[in-house]
Amino acid sequence: MTGENLTYVLLAGLAIGLLHAAYTDIKRREIEHYLNAAIALSAPLLWWATGMAIWPDIAIQIGLAFGIFAFFILLQIIGAMGGGDVKLLGALALWFPWETMVMLIIIMSIIGGLLTLFMAMVHKIRRSPGKLEIPYGIAIASAGIWVIAERYINHFTS
């Protein structure tokens, strides 16, 4: 299997993993630890398939993942995000360059805002007791699939 074909297979696997993360977040408001670990631990396969150099490419990728994880852990501390969401974002940062991660975070924020408005309306209409819980894994997974698809859709249209 060539590096390009392996890249397609790995990104398809990532998309499937993201769909699973969204599904479990909807069902249980939880993203499993094993899924986040699998996404993070499979990123080196993508690095190998794309020919990334250890220095500086992989070092930058790991630094980016650490920075994104650290930033979003602050949001978890104040109660704005769940731990599974934070780990998923950190794992995704191992897969995408910083420019793509910026786009992913912007798209995630827009989808997450719309999702929050929708969930708040449903919560109010149903007069549900308790705190409103947003399955933010939906926004993260949607944004991740968006950047995967956008990369290849633009590839075929140019």
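Scroll up for the structure.
Residues numbered from 1 in each chain as written. Predicted model: local features only at pLDDT ≥ 70, side-chain atom pairs only at ≥ 80, totals over all residues. Heavy atoms only, no water.

What to know about the nonpolar core
The biggest cluster of nonpolar side chains holds 42 residues, and the ones touching the most others in it are Leu14, Trp95 and Phe96. Where this core is concerned, the elements lending two or more residues are helix H1 (3-28), helix H2 (33-50), helix H3 (54-77), helix H4 (83-93), helix H5 (98-125) and helix H6 (137-157). Counting residues per element, this core draws most heavily on H1, at 8 residues. Once residues within four sequence positions are removed from consideration, Trp95 is found in contact with Leu10, Leu11, Leu14, Ile39, Ser42, Ala43, Leu46 and Gln61. (Core = buried A, V, L, I, M, F, W, Y, C linked by side-chain atoms within 4.5 Å. Buried < 20%, exposed > 50% of the residue type's maximum accessible area, 1.4 Å probe, protein only. Helix = DSSP H or I, 4+ residues; strand = E, 2+ residues; numbered from the N terminus. Contact = heavy atoms within 4.5 Å.)

Brief notes about H4
In terms of residue burial, H4 counts as a mostly covered element, since 9 of its 11 residues are buried. Taken residue by residue, H4 has Gly84, Asp85, Val86, Leu88, Leu89, Gly90, Ala91, Leu92 and Ala93 as its buried positions.

Some words on a nonpolar patch on the surface
Together, Trp98, Val102, Ile106, Ile110, Leu114 and Leu117 make up a nonpolar patch on the protein surface, roughly 640 Å² of accessible area in all. Within the secondary structure, Ile106 sits in helix H5. (Patch = residues over 30% accessible without salt bridge, like charges linked within 9 Å, V, L, I, M, F, W, Y side chains within 5 Å. Areas by Shrake-Rupley, 256 points an atom, 1.4 Å probe, with all protein chains shown as cover. Salt bridge = Lys/Arg side-chain N within 4 Å of Asp/Glu carboxyl O.)

Some remarks on the pattern of salt bridges
As enumerated under the stated definition, the model contains 2 salt bridges in all. Residue Arg28 is joined to Glu30 by a salt bridge in which the shortest nitrogen-to-oxygen separation is 3.8 Å. Since its relative accessible area comes to 44%, Arg28 is described here as partly exposed. Take Glu30: its relative accessible area is 38%, and that puts it in the partly exposed class. In this structure, Glu32 and Arg28 form a salt bridge, with 2.4 Å as the shortest nitrogen-oxygen distance. Salt bridges here are not isolated pairs; linked through shared partners, they connect Arg28, Glu30 and Glu32.

Some words on the packing of H1 against H4
For the pair H1 and H4, the least separation of the axes is 12 Å and the interaxial angle reads 170°. The angle between the axes of H1 and H4 places the two elements in the roughly antiparallel class. Two secondary-structure elements touch here, H1 through Leu14, Leu18, Ala21 and Asp25 and H4 through Asp85, Leu88 and Leu92. Of the residues contributing to the contact of H1 with H4, the split by class is 5 nonpolar, no polar and 2 charged. (Axes fitted to C-alpha atoms, helices over the stretch in contact; angles between N-to-C directions. Parallel < 35°, antiparallel > 145°, perpendicular 65-115°, else oblique. Nonpolar A, V, L, I, M, F, W, Y, C, P; charged D, E, K, R; others polar.)

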